[in-house]
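Each chain is listed here by its residues.
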Amino acid sequence: MTVSAPHEHAIRRTRARVQGTVQGVGFRPYVYRLAGELGLTGFVLNDSHGVLLEVEGSAEAIKAFLQRLAPDAPPLAVLERVSTEERAPTGAAGFAILDSPRGGVADAPVTPDSATCSACLAELFDPRDRRYRYPFINCTNCGPRFTIVRGVPYDRPLTTMVGFAMCARCRAEYEDPADRRFHAQPNACPECGPSVQLLAADAQPIAGPWVPDSVGAAAGPDPIGAAAAALQGGAIVAIKGIGGYHLAVRADDRRAVAGLRERKHREDKPFALMAGSLAAAAALVSLGAQERALLAGAQRPIVLAPRRPGARVADAVAPGAPELGVMLPYSPLHHLLLADVGTALVLTSGNVSDEPIAYRDEDALERLRDIADLLLVHDRPIQTRTDDSVVRGLTVAGSRRRVFLRRSRGYVPGSLPLPDGGCERPLLACGAELKHTFCVAKGARAWVSHHIGDLENYETLCSFTEGIEHFERLFAVTPEVLAHDLHPEYLSTKYALDRVGVQLVGVQHHHAHLAACLAEHGVTGPAVGAIFDGTGYGSDGTVWGGEILYGDLAEFQRAGTLLPVRLPGGAQAIRQPWRMACAWLGAAGDGMPDLPEQLVGRVDPVAWRQVAQLAQTGLRSPITSSIGRLFDAVAALCGLRATVNYEGQAAIELEAACGPNEHGAYPIALNTTGGEEHLLVIDPREAIRALVADIRRGTTVGVMAARFHAAVGLVTVDACTRAAASHGAEVVVLSGGVFQNRRLIESVSAGLHEAGLRVLVPERLPANDGGISYGQAAVAARRMGCV
C-alpha cells in the first residue's frame with residue numbers, strides 16, 4: 001500500500017513569469033499542450049516582459065510542469081529566467097491562451113528570423129497541399145520575425161502582416177492550439193497572404209501574382225519559374241528576400257558574373273553564393289562537421305570555407321580569395337528559386353557598392369533598375385533592413401570555435417548579457433565607423449544592432465539613426481548615457497555629441513575591442529589584449545592599430561605597441577598600400593627608398609618620390625602603429641596589391657598567398673622603451689630588410705608571405721606572454737580586424753595556449769568593428785558604477 005504525502009494531491013495554483021526569447025516561437029501553444037497533458041487549468045499570455053502563465057492542479061502535476069517547461073520547449077525558444085509565486089486557487093475550469101494586454105514597458109526579446117522548417121518545406125513541394133509553391137509559408141517554428149516586427153508584444157497587429165486579413169482556413173489554424181500554426185503571426189496562404197510578381201527593370205509586370213489551385217495547376221504565369229528561367233539564361237535578377245533585396249546571377253556564368261560586377265561597381269570584393277542543398281554546397285567548398293551544422297542551422301548564415309578545386313564557380317566570384325562564402329536557402333522563395341534554377345547562384349546585396357542594401361520597394365526600383373534586368377518582388381513590407389550574417393569555423397587554442405565576420409540576419413536581435421548584473425541606467429553605445437553597429441542596453445541585457453555598414457555617407461547615416469529609433473522603441477530604452485568612440489570625425493561620435501540630455505562616455509577604440517571580448521565571456525578582467533586592426537583613434541591622438549593592452553572593463557593601459565611609422569597622405573594610404581610600403585622601406589633603411597622593381601609600372605615614380613618625402617618630413621602624414629597597415633605594406637612589396645578596392649583586400653590576398661610548406665619566419669624584434677613607461681615595442685624593420693633581400697633573391701611570394709605571417713605570430717605570442725608575466729595576468733584577448741586572418745589567430749592562440757594562458761577570442765560578435773558598440777556599452781556600464 002502506497003501512502004501519499006499529506007499535501008501531494010492538494011490543489012495549488014502557481015504563477016510563472018518566463019523571460020527570454022519566448023514570443024513568436026510557439027511557446028504559448030506549447031504551454032497549452034503541456035498543461036493539458038498534465039491535467040492543469042489556468043492561462044498563458046504574451047506581454048511586454050515575455051510570457052505570463054498560471055497553472056492550477058495538484059502539487060505533483062505543477063512540479064512536473066515546471067520541470068519540463070524549459071527542457072521540452074520549442075526549438076526556437078530560449079528561456080533565460082523562470083520566476084514563480086504561489087497564488088490562491090480559483091477553481092476555474094480549462095486552460096486558456098489569453099490575448100496580450102496593451103501597454104507596459106517592453107522587456108521581451110524579439111526573435112531573430114528563422115529558416116524554413118522541414119514541415120513547411122514538405123508542404124511547399126507537395127502538389128496536394130494548399131500551400132504548394134507558396135513562397136510565404138511559415139509556422140511557429142520558422143519564418144520572419146525581427147524583419148517584420150514593429151513593436152512588442154509580438155502579435156500580428158504589430159507586424160508588417162497587419163495589412164493581410166487571414167482567410168477562414170488560416171484563421172482556424174491560427175486559433176487551434178493543436179495546430180503548429182497556432183498564433184503564428186505571419187500565417188498566410190495564397191488566398192489571403194502576400195504574393196510575388198516579376199517585374200521588368202522599368203517596373204512593368206511580366207508575371208504574377210500566381211496562385212496554384214487545389215491540385216497544383218497554375219492560374220497564370222509563375223513569376224518564380226520565370227525568374228529561374230531568366231537566371232538560367234544569364235540574366236541579373238533582383239530578389240526581394242527576408243531583410244532586403246539581393247542581386248542574383250548564375251555562379252558558373254562568367255559573363256553574367258562579370259556583368260554584375262560592372263553594373264554594381266564592385267571590382268574585386270567576393271560575392272556570396274547560395275546552394276540548393278548541403279550536397280550542392282559540398283561540391284563548391286570543403287565542409288567539416290562544424291561548417292555543415294552552421295549551414296543547416298536555423299540562422300542560415302553565409303559560411304566561409306575553402307574552395308574546392310574544380311568547383312563550378314566563375315573566377316570573378318571571389319578573385320584572389322581561397323575561400324568561398326556559401327549559404328543555403330532560408331526562405332520558401334529561395335527554396336523554390338534554387339530548385340527551379342538547378343544550380344548555385346551568386347546572391348549579393350542589392351545595392352551599388354558602398355550603399356546600404358535596398359529594402360523598400362520604391363527605393364529598390366529606383367536604385368536597382370540600372371543593375372538588374374528583372375526584379376522578383378512581393379508585397380509583404382520589410383520593417384528592418386538586415387544583411388546576411390557571415391561566419392567561419394576556426395581552431396582556437398585547440399578547440400573549434402564559430403566566429404563572426406558579420407552578425408546580422410538570423411542572430412539579431414538576440415541579446416547579450418552585461419557582466420555582473422548590468423546597468424540600471426539605460427544606455428546607447430554609438431559604435432565606430434566601419435562595419436558599423438550600435439548597441440542599446442538596460443539592466444543586464446544589451447542588444448547589438450544588425451550590420452549597418454560603413455558609416456561614411458548620408459544613406460548609411462540614415463540607416464543608423466532609423467535603426468536607433470527602432471531599437472529604442474522595440475526594447476523601451478530611453479538612453480540616459482551615450483558611449484562613443486574618441487575619434488572626433490566619426491559620424492557616430494558627432495551623433496552622440498549632438499544628442500541632448502544625456503551623459504557622454506568616451507571610450508578608446510581598442511579598449512572597446514578588449515572590453516567586448518571580455519564581456520561576452522563574462523570576464524570583468526584584468527587581462528592582456530593583443531588588439532590588432534587597421535585604424536583606431538589613440539588616447540594620444542595618433543592612429544593606433546597594433547596594441548598590447550592591459551586592462552579590464554573600466555580602464556586600460558598600453559603595455560606594448562607596434563613601432564610607429566608615418567601614414568603618408570593619411571586616408572589615401574589605406575586605399576593605396578604602396579604608400580605604406582614606401583613608409584616602411586624608409587623606416588627600415590637610410591634615406592629615400594627607391595621604387596621597388598615589383599611596383600614599377602603600377603606606381604608612378606614621381607608619386608613614389610613625393611610620398612617618400614611626405615613620410616620623411618611628416619607633412620600630411622600622421623603617425624600610426626597599425627599592424628593592418630603593416631600587412632598592406634608587405635602585400636605591396638610582394639607585388640600582390642598596390643591599391644585596394646575594398647577594406648582588408650591586401651591582407652586577405654597576402655594570407656591567401658601563403659605557401660603551405662614554408663615554416664621559416666622573418667626576424668621581428670621585441671624591445672622595451674626606457675623610463676617609467678617600459679612599453680614593449682614590436683619592431684619589424686629587420687623583417688622588412690629580410691623581405692627585401694628575399695625579393696632580390698627571387699624567393700616566391702608564397703614563401704615570403706608565410707614567413708611574414710609566422711614572424712607576426714611569434715612576436716605576438718612573445719609580447720603577450722611578457723605582458724602577462726609583468727602584470728600577473730592569466731587571460732589574453734585576441735581581437736581587432738587583423739585577427740580575422742585564420743592563419744594568424746590559429747598560430748597565436750596555439751602559442752599562448754602552450755604558454756599556459758587562457759585565450760579568449762570574440763565568438764558572439766565579430767572581432768572587427770562590428771563588436772565595438774557592445775564593448776563601449778560594457779565600458780560605460782562599468783564606469784558609471786552600474787556593474
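Attention here is on the structure that accompanies the text. (Residues numbered from 1 in each chain as written. Predicted model: local features only at pLDDT ≥ 70, side-chain atom pairs only at ≥ 80, totals over all residues. Heavy atoms only, no water.)

1. Some details on the overall build of the protein
Now for step 1: When helices and strands are counted, the protein shows 22 helices and 31 strands.
Now for step 2: Computed over the C-alpha atoms, the radius of gyration of the protein is 28 Å, within 12% of the 28 Å expected from 2.2 N^0.38 for a compact globule of 787 residues.
Now for step 3: For the C-alpha atoms alone, the extent of the protein along its principal axes is close to 90 × 65 × 55 Å.
Now for step 4: When burial is assessed residue by residue, the protein has 60% of its 787 residues classed as buried.
Now for step 5: In the protein, of all internal contacts separated by at least 6 residues, the share reaching a separation of at least 24 is 71%.
Now for step 6: Side-chain charges of the protein comprise 76 positive and 84 negative groups, with the mean position of each set lying 2 Å from the other. (Helix = DSSP H or I, 4+ residues; strand = E, 2+ residues; numbered from the N terminus. Rg over C-alpha atoms; globule rule 2.2 N^0.38 Å. Buried < 20%, exposed > 50% of the residue type's maximum accessible area, 1.4 Å probe, protein only. Contact = heavy atoms within 4.5 Å. Lys, Arg positive; Asp, Glu negative; His and termini not counted. Charge placed at Lys NZ, Arg CZ, Asp CG, Glu CD.)

2. Points about the sheet that holds strand E2 (residues 41–47)
Now for step 1: Sheet architecture is open: 5 strands sit in the order E4-E1-E3-E2-E5, paired in mixed fashion. Both edges of this open sheet fall to strand E4 (78–87) and strand E5 (95–97), since each of them pairs with a single strand only. Going across the sheet, the axis of each strand differs from the next one's by a mean of 15 degrees, ignoring polarity.
Now for step 2: One ladder, built from 8 bridges, connects strand E1 (residues 11–21) with strand E3 (residues 50–58); its direction is antiparallel. Residue pairing across strands places Arg-13 opposite Glu-56, the latter belonging to E3.
Now for step 3: Helix H1 (residues 27–37) rests against E1, E2, E3, E4 and E5 of the sheet, and its axis sits at about 175 degrees to E5.
Now for step 4: Packed on one face of the sheet, helix H2 (residues 59–69) meets E1, E3 and E4 and runs near 150 degrees to E3. (Pairing = 2+ DSSP bridges. Axes fitted to C-alpha atoms, helices over the stretch in contact; angles between N-to-C directions.)

3. Focus: the side chain of Asp-222
Now for step 1: On the secondary structure map, Asp-222 appears in the loop between strand E7 (205–207) and helix H5 (223–232).
Now for step 2: Given the relative accessible area of 19%, Asp-222 is considered buried.
Now for step 3: Side chain to side chain, Asp-222 and Arg-133 meet in a polar contact 2.7 Å long. (Polar contact = N/O pair within 3.5 Å; in protein donor to acceptor, adjacent residues only side chain to side chain.)

4. Remarks on H5
Now for step 1: Residues of H5 that are buried: Pro-223, Ile-224, Ala-227, Ala-228, Ala-230 and Leu-231. Take H5 and look down its axis: the buried residues cluster within an arc of 160 degrees, on one side only.
Now for step 2: Capping of H5 at its N-terminal end is provided by Asp-222; its side-chain oxygen lies 3.0 Å from the backbone amide nitrogen of Ile-224.
Now for step 3: Of the residues trailing H5, Gly-234 is marked for its positive phi of about 100 degrees. (Arc of directions from axis to C-beta.)

5. Comments concerning the pattern of salt bridges
Pairs may arise between side chains of opposite charge once their charged atoms sit close together.
Now for step 1: Taken as a whole and assessed by the stated rule, the structure comprises 50 salt bridges.
Now for step 2: Between Arg-783 and Glu-555 there is a salt bridge whose closest N-O contact spans 3.8 Å. Linking Arg-783 in helix H22 (residues 772–783) with Glu-555 in the loop between strand E24 (543–551) and strand E25 (556–562), this pair joins segments that are 228 residues apart in sequence.
Now for step 3: The salt bridge involving Arg-697 is made with Asp-694; its shortest N-O contact spans 2.6 Å. A residue pair is termed a helical-turn pair when its members lie 3 or 4 positions apart in one helix, as Arg-697 and Asp-694 do in helix H19 (residues 685–697) at 3 residues.
Now for step 4: Each member of the salt-bridge network shares a partner with another, and the members are Arg-13, Arg-15, Glu-54, Glu-56, Glu-85 and Arg-87. (Salt bridge = Lys/Arg side-chain N within 4 Å of Asp/Glu carboxyl O.)

6. A look at the packing of aromatic side chains
Now for step 1: Evaluated as defined, the whole model comprises 14 aromatic pairs.
Now for step 2: Geometrically, the ring pair formed by Phe-404 and Tyr-411 is edge-to-face, given 4.8 Å between the ring centres and 90 degrees between the ring planes. The burial state of Phe-404 is the same as that of Tyr-411; both residues are buried.
Now for step 3: Seen from their ring centres, Trp-447 and Phe-475 are 4.4 Å apart, and the 10 degrees between their planes marks the pair as stacked. Taken together, the residues span a long stretch of sequence, with Trp-447 in strand E20 (residues 445–448) and Phe-475 in the loop between helix H11 (458–474) and strand E21 (481–485) at a distance of 28 residues. Grouping residues by exposure puts Trp-447 and Phe-475 together as buried. (Phe/Tyr/Trp six-rings, centres within 6.5 Å; stacked < 30°, edge-to-face > 60°.)

7. Structural notes on unusual backbone geometry
Now for step 1: Backbone torsion omega between Val-412 and Pro-413 reads 15 degrees, so that peptide bond is classified as cis.
Now for step 2: For Pro-413, the position within the fold is in the loop between strand E16 (399–406) and strand E17 (416–417).
Now for step 3: Across the junction of Gly-525 and Pro-526, the peptide omega takes the value 5 degrees, indicating a cis bond.
Now for step 4: Turning to its location among the elements, Pro-526 is positioned in the loop between helix H13 (509–520) and strand E23 (527–537).

8. A look at the pairing of strand E22 (residues 503–507)
A regular strand places its side chains so that they alternate between the two faces of the sheet.
Now for step 1: Inspection of the sheet shows E21 paired to E22 by 5 bridges, in the parallel sense. From the neighbouring strand, Ala-483 faces E22, where its bridge partner is Val-505.
Now for step 2: A crossover connection joins E21 to the parallel E22 through helix H12 (residues 491–498); in handedness this β-α-β unit is right-handed. (Right-handed = clockwise from strand over helix to strand, strands pointing away.)

9. Looking at the nonpolar core
Now for step 1: Counting 79 residues, the largest nonpolar core has Val-528, Ile-548, Trp-584, Leu-734 and Leu-752 as its most contacted members.
Now for step 2: Of all the elements, helix H20 (residues 701–727) adds the most residues to this core, at 12 residues.
Now for step 3: For Ile-548, the residues in contact, after removing those within four places along its chain, are Val-528, Gly-529, Ala-530, Phe-532, Gln-557, Arg-558, Ala-559, Gly-560, Thr-561, Ala-719, Cys-720 and Ala-723.
Now for step 4: The next biggest cluster of nonpolar side chains, apart from the first, holds 64 residues, and it includes Ala-115, Tyr-134, Ile-239 and Leu-374. (Core = buried A, V, L, I, M, F, W, Y, C linked by side-chain atoms within 4.5 Å.)

10. A word on the sheet that holds strand E19 (residues 439–443)
Now for step 1: Strands sit in the order E17-E20-E19-E18-E21-E22 across an open sheet of 6 strands; the sheet is mixed. The open sheet terminates on both sides in strands that have one partner only, identified here as E17 and E22.
Now for step 2: Relative to E20, E17 is paired through 2 bridges, and the arrangement is antiparallel. Within E20, the residue paired with Leu-416 across the bridge is Ala-446.
Now for step 3: Lying over the sheet, H12 contacts strand E18 (423–429), E21 and E22, oriented at roughly 150 degrees with respect to E21.
Now for step 4: Strands E17, E18, E19, E20, E21 and E22 of the sheet are contacted by H22, whose axis makes an angle of about 145 degrees with E18.

Structural measurements only, silent on function.
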